[in-house]
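Chains, contacts and geometry: an overview
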Amino acid sequence: MKWQPGHRSSDVEDRRGQAAPRGMGIKLGLGGTLILALLSAVLGKDLLRSVSGGAGKEPRAAGAADDKALEFVSYVLDDNQATWAKLFPEQFNRPYRKATMVVFSDAVDSACGEADSAVGPFYCPGDDKVYIDLTFYQSLKDQLGAPGDFAQAYVISHEIGHHIQNQLGTERSVRQKQKGLSKEEKNQLSIRMELQADCYAGVWSKTTQDRKLLDDGDIEEAMGAASAVGDDRLQKASAGRIAPEKWTHGSSAMRMRWFKRGFDSGLANQCDTFSAATL
Ligand SMILES: [Zn+2]
C-alpha cells in the first residue's frame with residue numbers, strides 16, 4: 001500500500017508498555033464482535049508466547065520498528081475514518097462518529113472487560129474503541145500465513161466495520177435477536193455480522209484502489225488474511241476437523257466472498273448479509 005509515514009493519529013491511544021490490568025483471564029463475552037475470537041482457542045498458546053517474548057512479561061521499550069508500525073496503523077485508521085466520514089452521508093444518510101484505536105501490549109482494560117493479546121484485535125461497542133496488540137501482525141504472517149501491509153490494513157478496516165455496525169444499530173439489534181436463541185442460531189447471526197464487517201472492509205479497500213494507493217498484490221493480501229481467519233481453516237489447523245455449527249465468523253470462502261463483494265461494488269448497501277439467501 002502506498003502510505004505516508006511520519007504521522008501519528010490523534011485517534012490512536014498508545015498504551016504499550018503499561019502494566020497489564022489485574023484479574024486477567026476474564027472473558028470478554030463479546031462473541032462475534034471479536035474479529036479473531038477463535039484465534040485465542042486455536043493459537044492462543046503461540047500468540048501468548050510470541051507476545052510475551054518467552055519467559056518474562058516485562059514491557060518492551062518502543063523502538064524504531066514499533067514507531068513505523070504505529071505510524072502504519074495510524075495511517076490506515078485515519079484513512080478509514082476519513083473515508084467513512086465521506087461515505088456515511090452518501091450511503092447511510094447520517095454523519096460518521098469517529099472511533100479510537102488503543103494500541104496495547106500483552107493485556108488491556110476495555111469497557112467490554114479485560115483482554116489479553118491472545119484474543120486478537122477486537123472492537124468494543126461499549127467505548128467505541130478498536131483494540132490491537134501490534135505483535136498480532138507477526139502471528140498473522142508467521143502462524144496464519146497472511147503477510148503484507150494490506151493484510152494488516154484489512155484487520156483494521158474489519159474492526160472499523162464493527163464500529164459502523166455499532167453506529168447503525170446493527171450490533172444492538174443482533175444482540176437483541178440473539179436473546180433466547182440456541183447457540184447454533186446465535187452463531188448464525190454472529191457469522192452474518194462478521195461477514196458484513198468484512199464487506200465494509202472491502203468497501204474501504206475499493207476507495208484505496210480508486211485513489212491509486214494500492215500496490216500489485218494488495219488485494220490478494222487482504223483476501224489472504226480474510227481466508228486465514230476463516231473458521232474452517234482455523235478449526236482444521238487446531239482440531240483437525242471442521243464443525244460448521246461452531247462457526248462464529250464464517251468460512252474462508254465466505255469471508256473472501258464478502259470482502260470481494262464490498263470491494264467490487266464499493267457500496268455499503270451491497271453488504272446486507274442479513275437478508276442474503278446464501279453466504
Ligand atoms: Zn469481527
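What counts and what doesn't
- Residues numbered from 1 in each chain as written.
- Predicted model: local features only at pLDDT ≥ 70, side-chain atom pairs only at ≥ 80, totals over all residues.
- Heavy atoms only, no water.
- Disulfide = S-S within 2.5 Å.
- Helix = DSSP H or I, 4+ residues; strand = E, 2+ residues; numbered from the N terminus.
- Buried < 20%, exposed > 50% of the residue type's maximum accessible area, 1.4 Å probe, protein only.
- Donors = N, O, S within 2.8 Å, 3.2 Å for Na, K, Ca; no water.
- Expected span 1.5 Å × (residues − 1).
- pLDDT = per-residue confidence, 0-100.
- Contact = heavy atoms within 4.5 Å.

1. Overview of the state of the cysteines
Tallying each qualifying case throughout the model produces two disulfides. Note on cysteine connectivity: Cys 112 is disulfide-linked to Cys 124, with sulfurs 2.0 Å apart. Note on the Cys 112 and Cys 124 pair: the S-S dihedral is about 95°, so by sign convention the disulfide is right-handed. Residue Cys 112 is found in the loop between β3 (107-110) and β4 (113-116), and its partner Cys 124 is found in strand β5 (residues 122-124); the two are separated by twelve residues along the sequence. For the pair Cys 112 and Cys 124, one class covers both residues: buried. Two residues share a disulfide in this structure: Cys 199 and Cys 271, whose sulfurs sit 2.1 Å from each other.

2. Some thoughts on the coordination of the zinc ion
Of the protein atoms, only His 158 (NE2), His 162 (NE2) and Glu 194 (OE) coordinate the zinc ion, at distances of 1.9 to 2.1 Å. One chain supplies every donor for the zinc ion, spaced along it as H-x3-H-x31-E. With His 158 and His 162 both in helix α4 (residues 149-168) and four residues apart, this pair spans about one turn of that helix. Judged by relative accessible area, which is 1%, His 162 ranks as buried.

3. A look at helix α6 (residues 183-210)
Here α6 spans 41 Å end to end across 28 residues, near enough to the 40 Å set by a 1.5 Å rise per residue. The buried fraction of α6 is high, at 20 of 28 residues.

4. Topic: the confidence of the model for the protein chain
For the protein chain, per-residue confidence averages 88 on the pLDDT scale, and 85% of positions sit at 70 or higher. Predicted confidence for residues 24-38 stays below pLDDT 50, and this span has 53 contacts to residues more than four positions away or in other chains. Ignoring residues within four places in sequence, the model shows residues 40-57, a span with pLDDT below 50, making 23 contacts including any to other chains.

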